[in-house]
Amino acid sequence: MPAVSKGDGMRGLAVFISDIRNCKSKEAEIKRINKELANIRSKFKGDKALDGYSKKKYVCKLLFIFLLGHDIDFGHMEAVNLLSSNKYTEKQIGYLFISVLVNSNSELIRLINNAIKNDLSSRNPTFMCLALHCIANVGSREMAEAFAGEIPRILVAGDTMDSVKQSAALCLLRLYKASPDLVLMGEWTSRVVHLLNDQHMGVVTAAISLITCLSSKNPDEFKTCVSLAVSRLSRIVSSASTDLQDYTYYFVPAPWLSCKLLRLLQCYPPPEDGAVKGRLVECLETILNKAQEPPKSKKVQHSNAKNAILFEAISLIIHYDSEPNLLVRACNQLGQFLQHRETNLRYLALESMCTLASSEFSHEAVKTHIETVINALKTERDVSVRQRAADLLYAMCDRSNAKQIVAEMLSYLETADYSIREEMVLKVAILAEKYAVDYSWYVDTILNLIRIAGDYVSEEVWYRVIQIVINRDDVQGYAAKTVFEALQAPACHENMVKVGGYILGEFGNLIAGDPRSSPLVQFNLLHSKFHLCSVPTRALLLSAYIKFINLFPETKATIQEVLRSDSQIRNSDVELQQRAVEYLKLSSIASTDVLATVLEEMPPFPERESSILAKLKKKKGPGAVSVELEDGKERGELNGGGDRGVPDLTNALSTPSPSADLLGLRSAAPVSGAAPSAGSLLVDVFSEAGPAAASAGVNDDGFLRFVCKNNGVLFENQLLQIGIKSEYRQNLGRMYLFYGNKTSVQFVSFSTTLNVQTKTVEPLVEGGAQVQQVINIECLTDFVDAPLLNIKFRYGGALQNISLKLPVTINKFFQPTEMAAADFFQRWKQLSQPQQEAQKIFKASHGMDTEVLKAKLLGLGTALLENVDPNPENYVCAGVIQTKAQQVGCLLRLEPNAQAQMYRLTLRSSKDTVSQRVCDLLAEQF
Amino acid sequence: MTMHFLLLFSRQGKLRLQKWFTPVPEREKKKIVRDMTTMVLGRKPRSCNFLHWKDLKIVYKKYASLYFCCGLDAEENELLALEVLHRYVELLDKYFGNVCELDIIFNFEKAYFILDEFLLGGEVQETSKQVLSRSIEASDMLQEVSVIPRSR
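Described in the following lines is the structure provided in the data block. (Residues numbered from 1 in each chain as written. Chains lettered and ligands numbered in written order. Predicted model: local features only at pLDDT ≥ 70, side-chain atom pairs only at ≥ 80, totals over all residues. Heavy atoms only, no water.)

## Looking at the overall build of chain B
Counting its secondary structure elements, chain B contains five helices and seven strands. Written out in order from the N terminus, the α and β elements of chain B read β-β-α-β-β-β-α-α-α-β-β-α. When each of the 152 residues of chain B is scored for burial, the buried share is 62%. A sequence separation of at least 24 residues applies to 50% of the contacts in chain B between residues at least 6 apart. Accessible area for chain B stands at about 6,200 Å²; split by element, carbon and sulfur atoms hold 54% of it. (Helix = DSSP H or I, 4+ residues; strand = E, 2+ residues; numbered from the N terminus. Buried < 20%, exposed > 50% of the residue type's maximum accessible area, 1.4 Å probe, protein only. Contact = heavy atoms within 4.5 Å. Areas by Shrake-Rupley, 256 points an atom, 1.4 Å probe, with all protein chains shown as cover.)

This is the structure:
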């Protein structure tokens, strides 16, 4: 053990530190520090040149003061001077000061870099390491510019000491992360990969971090590392615990290196080479087997290290998601951990199982642990473990266990920690809706939610229950009865009053036959809550009252009296006063017929209300709104607005205060004709394709809708909405993608990958927020396959994975060409070889309205030529597709047959693939 | 093992060591330190050693009067991080001999040097206790000895 005379030689520092520790108050501390700062300043400014030791001592004191949380605005120069000292400790303190107090002062950076350069070329390994540590600690762009070229050379040079290699590898990694453009591996790639074979385990341990990072960014260039990693792993896994000497940690051979190797392999798909794959599977099996062996030590370090490797192996197995046998074994292993006495292992098992639940091979196996997980939710003492249990329940939920899981989550909510209630509420609401088979269960669940955790039930949730009740007539009576009962509780949450007011106002008549819930009883019950409620709720109740007058004429006198009272008609709140006045007048002058018409039952909720636009406008930039507006308009044209009619949790009725206007006075009244039948509406909501069907295949229903238009909503589920705005000129295009988070919870680890290059997006999407991504497109040659966009993010605990075809189609690069009839037919004849023509005859799947057809053909990008075809019913178009490689002239003829409801579409172009592709795309549009 | 930061603080929430492996503005550093100390110190005894905070995993462990707490990327291995903390404690212990909080207060610069030998840029540089102790000792031997630059 080195003789440590604590703070050797720096007595002054030790005295200063004890002085600070003896300060009784913050003020005393500041006073002592100011005194010291003044002292140091005068020493630095003094005429007498300071010796290295004093300089070191004062710089160290400054560092201490800074680390205490005080600002330091001098001393940098003295620290830089220390760098060029030839005394090791002085240099060391100089570097430490620089590392902690980086200053972007360019003059200093130049001096610092100069000192580093000297140390790097000193050939003294201790100095070289100090310099490399400093670069890694600062990691600034200036340093990358100065040293990114030099460090790879040090890393792979044959005569570099091992310790220097280790520092160089990690230093390079840090520079690469900060300024990837400056670190060019090029010629070094293969020598760096071969560091995996280095004899020194420490070198491999350091180098593999660098290799993993580089591989994840450039998998192809580094793919030779896979087989090297597998053989290294295999050697470690099969070694006895003593073989690796000091790299064995508490009887576990090289845990850090093993984990890093397993992590590196997660940058790649399973190895294609059978032998390599076989060897790897063997390793994974050995690791799983070892978990069953009795521990070689009782120390927690032993089990932690061993299990760290096991969890990393399980991550790899889940990443491959292709070996059912290993997946199930992994699941069983985690199942054992669920009941382990170590809290840490229970926590990790719950967390890891969450990802396992989304694999088709192991979903069922995960489900078998439901009782244990529910028990964890109930009995774990630690909130973060309970949180993981809740996440796992959410992830393992499907139709078969939804009722049980929702019930357990609800009962957990009664005692849940405040920090996680809102998320829990949202999860329960989503599961209840997603897996509802009978809606009375759904209604019960949401009302329970409000009863148990009313404060945490966001507007979206209670709007949604109202929408569903309005749209499903088979649940209305039940809903009315249930809210009526719920309102009888002496204290009920305001959200319950809102739901109750709305539902009784609409459907109170369905329970009015029972004398226990006669109209007057209903009214008195609602009105008994009135005075305890906030203004928006009161406004809603007033609307419910006027609806009562229509539903139950016998309540008219009572209600009119309430409306007429001073507290209503002279209310200081303008909104309430206005409602009272207007409703009173309406009820006294309108005839029964007029009243019945005005106060008719709410029509089913249509596809989109103007209120969503209002919400969007409120939250997002003008660009996004115009996308929405255009989308609404165009969709209306294309398919009559009928096919995707799901108002969902967040889109619902979000007019600000006064919320949920019963009469729709404020928002444009929904047009009932445009709304699809309630049945189909709900089928859509409750279908499996909801948000938790996380790893569905490529979703391309949005894709074809964009052949003839450039803006709109590409994708939407309950969590995420993706809007597109794009523009094309010649062979170039630009596409803006807008990712909107529809929930109130943030998405973390948000990433998108395209099978071409894109700029990355922000990794975090806040609840209700939107991020934008721009993609520049150049059409090199004609193509069939659209680029694939892969979106990943975490919502709550569950990983969401969405694959979409980006609607980039060959026709986007059309330049319209106007031409006369003679020209057209001449060119048409020139393109008469059989392969130049593509033709399709197909049935009309939409109406054959002339204007719509024209709009679509124009949307295709071609010129629509008038007076060319002898038959005025037919359409002909011409355009040139611009690619970088060539231009392809293209002629089109569309012959509708209104009687047979059929079309014949003919395409001719100078390139067979183009004719075929445009024909295929267009045939789907009519 | 990408670590974003490593903090050592006392039961009273006094920060004893702070190491930032990624660039963080000073204001944000203060906020993180505050969040970490309140979060970790507020935990009941015998709770698990892991937490989620924003999009980071937090791993902490208490050794005597000191809490060791680090922030990791979301996909990192918590158990391994726990052993990183442990190995660091072992290194401090070997160097100071029965290390205590006071050693770290009065010799904070040594604690930083030892850490630099072990972790660099948030990654494990060397795991062998022998190798690490040797190089820490070697630099101690250089304490006040002038190193004459080799002529080249």
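## Concerning the interface of chain A and chain B
Contact residues are listed per partner, giving 80 residues for chain A and 74 residues for chain B. Between chain A and chain B lies a buried interface of about 6,600 Å² when both sides are counted; carbon and sulfur atoms form 54% of it. Of all residues in chain A, A:Leu67, A:Asp246 and A:Trp256 bury the most surface against chain B, accounting for 10% of the area lost on that side. Put simply, chain A and chain B have four salt bridges between them. Here chain A is connected to chain B by 27 residue pairs in polar contact (both at pLDDT 80 or more). Taken together, the residues that form the side of chain A that touches chain B break down as 38 nonpolar, 25 polar and 17 charged. (Buried area = accessible area lost by both parts, 1.4 Å probe. Salt bridge = Lys/Arg side-chain N within 4 Å of Asp/Glu carboxyl O. Polar contact = N/O pair within 3.5 Å; in protein donor to acceptor, adjacent residues only side chain to side chain. Nonpolar A, V, L, I, M, F, W, Y, C, P; charged D, E, K, R; others polar.)

## What about the sheet that holds strand β2 (residues 15–20) of chain B?
Backbone-to-backbone hydrogen bonds join strands into a sheet, with any given pair of strands oriented parallel or antiparallel. All names here are of chain B. If you walk across this open sheet you meet the five strands as β2-β1-β5-β4-β3, and the pairing is antiparallel. Edge positions in the open sheet fall to β2 and β3 (50–53), since each of these has one partner strand only. Taken over all neighbouring pairs, the strand axes of this sheet differ in orientation by 20° on average, direction set aside. With seven bridges joining them, strand β1 (residues 3–10) and strand β5 (residues 66–72) adopt antiparallel strand pairing. The partner of Leu8 across the bridge, within β5, is Phe68. Set on the sheet, helix α1 (residues 26–41) makes contact with β1, β2, β3, β4 (56–63) and β5; between it and β1 the angle comes to about 60°. (Pairing = 2+ DSSP bridges. Axes fitted to C-alpha atoms, helices over the stretch in contact; angles between N-to-C directions.)

## Digging into the sheet that holds strand β5 (residues 720–729) of chain A
All names here are of chain A. Pairing is antiparallel across the open sheet formed by four strands, whose spatial order is β4-β5-β6-β8. One side of each edge strand has no neighbouring strand; the edge strands of this open sheet are β4 (712–716) and β8 (770–778). Mean inter-strand twist for the sheet, computed between neighbouring axes without regard to direction, equals 25°.

## Side note on the side chain of A:Gln333
Along the polypeptide, A:Gln333 turns up in helix α17 (residues 324–338). Every residue in contact with A:Gln333, bar those within four places of it in the chain, is listed here: A:Leu288, A:Ala291, A:Gln292 and A:Leu310.

## Structural notes on the pairing of β2(B)
Two faces belong to every sheet, and in a regular strand the side chains alternate between them. Residues and elements named next belong to chain B. By the bridge criterion, five bridges tie β1 to β2 in an arrangement that is antiparallel. Each bridged residue has a counterpart across the sheet, and for Leu7 the counterpart in β2 is Gln18. Between the antiparallel neighbours β1 and β2 lie four residues, among them Gly13 with a positive phi of about 85°.

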